Amino acid sequence: MKTSVVICDDSNLARKQMARSLPDDWEVEITFAVNGEDAMDKLRKGIGNVLFLDLNMPILDGYGVLEAIKAESLPVLTIVVSGDIQAEAHERVKALGALDFIKKPIDKEKLQDLLTKYGVNSESDLTKRGESLDTMLDEEMRDVLQEVTNVAMGQAGSLLAEVLKVFVRLPIPNVNVLEVSELSMALQSVESNSTTSGVCQGFISGGVAGEALLILGDSGFQDIAKLMNYEGQINERIELELLMDIANILIGSVLKGLSEQLDLNFSQGHPVVLGQHCNVSELIYTNSTHWKKTLTVEISYGLEGLDVTCDLLLLFTEDSIPTLRNKLNFLFDD
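Remember, it's a predicted structure, so these values are computed and weren't measured experimentally. (Residues numbered from 1 in each chain as written. Predicted model: local features only at pLDDT ≥ 70, side-chain atom pairs only at ≥ 80, totals over all residues. Heavy atoms only, no water.)

Viewed as axis vectors pointing N to C, helix α8 (residues 139-164) and helix α11 (residues 236-262) meet at an angle of 145 degrees, and their least axial separation amounts to 8 Å. Crossing hand, α8 versus α11: right-handed. Across the interface between the two elements, V148, T149, V151, A152, M153, Q155, A156, L159, L160 and V163 from α8 touch I246, I249, L250, S253, V254, G257, L258, E260, Q261 and L262 from α11. Looking at the contact of α8 with α11, its residues break down into 14 nonpolar, 5 polar and 1 charged. (Axes fitted to C-alpha atoms, helices over the stretch in contact; angles between N-to-C directions. Helix = DSSP H or I, 4+ residues; strand = E, 2+ residues; numbered from the N terminus. Left-handed = near helix turned anticlockwise from the far one by under 90°. Contact = heavy atoms within 4.5 Å. Nonpolar A, V, L, I, M, F, W, Y, C, P; charged D, E, K, R; others polar.)

Take a look at the structure:
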């Protein structure tokens, strides 16, 4: 099965050189894009599993393309190809979700090493995108991901305990493959006929993307307000501020812990309020267009002696699994 490759550069010569630099044994179907806007049109039509992207272009430059891919959560692996070798340029494109950076003129051997490193030119890895998630993540990989999450969760719990001056109960994280219809079942700990409020925040790094969903039981707002020294009446505006504060602490810390272990640099989108004072099922189904079948990591936090329930779900897109597998395998082999 051929891999769909888009080469985006405003220079005809550069496009042809990039095409000639691809590995000879890599079965690809190449599409050229003359600028960033042209590339986005093709990606939105489903053309391109892999994108080779120049930075300096008219109409829409490479940075704009990366921002658009991130905003629209398009399932494409992007490698930046540019003559701009500034360290800051490397950092910026990775922060925007690029898999990696390779400089012009293309060194064919270095390109091969880069593609091999990420499994981009491996037919087995790319075709796994069409497999079920259950077969893509075996029990050993689940254990590795659970342990990696356990470390990240501990860092987040420590920060939360420091901010709130309270002991945080740390659970064993659950790693599951879930359909949308099963997501509410993963939140049974906060169901119990109580209402909840939720925040969702997208995240993306090279080849890995998803959404972090934080659900906070409404019964805990009074306790959290006291711990965070809020004074006066607790209204919906204050509750929203508290929800955002907790989400910022937990989501940011967990993603930071994962990025450090997996050598990823997650860029986070703006948090979106899914709802306030809703049933868990209502929160999930109202926003079900965001998720289909996902690799889900669930973390249920508790504050000792207080009626506070807080669930954090990391929902990884199906297209993230090959890269995530490679990262976990590398970690396990070490």
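What follows covers the packing of helix α2 (residues 36-44) against helix α3 (residues 62-72). Where α2 contacts α3, the axes come no closer than 10 Å and their chain directions differ by 25 degrees. In this view, α2 runs roughly parallel relative to α3, as classed from their interaxial angle. Considering how the two elements wind past one another, α2 and α3 form a crossing that is right-handed. Taking contact as the criterion, the partners of G36, M40, L43 and R44 in α2 are, on α3, V65, A68, I69 and E72. (Parallel < 35°, antiparallel > 145°, perpendicular 65-115°, else oblique.)

Take the pairing of strand β1 (residues 3-8) next. Across a regular strand the side chains alternate sides, sitting on one face of the sheet and then on the other. Summarising burial for β1: 6 of the 6 residues are buried, a large majority. Here β1 shows a buried face lined by T3, V5 and I7 and a second buried face lined by S4, V6 and C8. Across 6 bridges, β1 lies against strand β2 (residues 28-33) in parallel orientation. Residue pairing for β2: V6 is matched across the bridge by T31. For the crossover from β1 across helix α1 (residues 12-21) to β2, the handedness is right-handed. (Buried < 20%, exposed > 50% of the residue type's maximum accessible area, 1.4 Å probe, protein only. Pairing = 2+ DSSP bridges. Right-handed = clockwise from strand over helix to strand, strands pointing away.)

Keep in mind these values describe shape, not function.
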